[in-house]
Amino acid sequence: MIFAFAWLLESGSAAGLSASPPQGGALYTSLKGSVQKYADDLDEDEVEEETKNAIATLRAADPPPGLAISYLGVLDLMVLATIFFMGAGMLFRFRSWGRVQALASLILGVLVLLAGIALLFKAIGLLFLMVGLFLATPFGTIAYIATYGFFPTGTAKAILGSALFLKVIAGVCLVLAQQRMLKAKALVAIILSSLLGSVIISFLHGIVPGFLVSITDAIAAIVVIIIALIWAVLLIVFAIIGLVKGLSRD
């Protein structure tokens, strides 16, 4: 239950971060207004394509939510499923439970794999967009700073810290409630992967100046979703093995 609260906190982080006003909001408004005024005065034939794209991006975009923490929720969904399946296996000991668990794991693994691939391409696309804007001086850089340069680091830190605390508490409670959980190597490994994901996000948020955090957040999102994809593939493989073993017993 505690881990479920952590997952809900991470999954709702996009809404929480987007609801937070950008740090330096007055500067954001000023930069956006200046670039728009400049664009209105330009002769379209004299503008480089790169500058046109930067201005169009700035006009259309709002400060985006962070990706990495919400992507961590994809990984933690599999942690929750693993905990549920193990707990249910201790309660339901009827013969066909193994096949039910394997089938549910297979469906979850496939869904996470498909969603994870889409999210991976989304993060890569956003990363390329931000890096391209930042390097397209001068107006691309202005567009980047105005649109992506005010990442809500305070809100992200609070969400990440709270979720990490809840996950540590949940892990301790699992061990205290059922010490056999420590012998479940897959469960221990996926929980450690979740904790590692939290550490990676926190590290990448903290190693750069504030105006570059949006870029490192996208990098963190890519790393986290790749970890989730690896676990999704493993979940599918083990589910198929479980189904084959169940059918061979019949």
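Residues numbered from 1 in each chain as written. Predicted model: local features only at pLDDT ≥ 70, side-chain atom pairs only at ≥ 80, totals over all residues. Heavy atoms only, no water.

Draft legend 1. Structural detail: the environment of Val188. Inspection of the secondary structure assignment puts Val188 in helix α9 (residues 185–206). Note: C-alpha distance between Val188 and Val79 (109 residues apart in sequence) is 9.5 Å. (Helix = DSSP H or I, 4+ residues; strand = E, 2+ residues; numbered from the N terminus.)

Draft legend 2. Summary view of helix α1 (residues 2–11). Listed in full, the buried residues belonging to α1 are Phe3, Ala4, Ala6 and Glu10. Mapping the buried residues of α1 onto a view down its axis gives an arc of 160 degrees, with all of them on the same face. (Buried < 20%, exposed > 50% of the residue type's maximum accessible area, 1.4 Å probe, protein only. Arc of directions from axis to C-beta.)

Draft legend 3. Up close: the side chain of Thr82. Structurally, the position occupied by Thr82 is in helix α5 (residues 68–91). Residue classification places Thr82 among the buried residues on the basis of a relative accessible area of 18%. Sequence-distant contacts of Thr82, defined by excluding residues within four places in its chain, comprise Leu187 and Ile190. (Contact = heavy atoms within 4.5 Å.)

Draft legend 4. Region of interest: the confidence of the model for the protein. When the pLDDT values of the protein are averaged, the result is 77; 70% of them are 70 or greater. In the model, residues 18–28 has pLDDT below 50 throughout and makes 18 contacts with residues more than four positions away in sequence or in other chains. Across residues 58–64, confidence stays below pLDDT 50; counting only partners more than four residues off in sequence or on other chains, it has 21 contacts. (pLDDT = per-residue confidence, 0-100.)

Draft legend 5. Just the pattern of salt bridges, in detail. All chains considered together, the criterion is met by one salt bridge. The salt bridge involving Asp76 is made with Lys167; its shortest N-O contact spans 3.1 Å. With Asp76 in helix α5 and Lys167 in helix α8 (residues 153–177), this pair connects stretches of sequence that are 91 residues apart. Of the residues examined, Asp76 reaches a relative accessible area of 0% and is grouped as buried. (Salt bridge = Lys/Arg side-chain N within 4 Å of Asp/Glu carboxyl O.)

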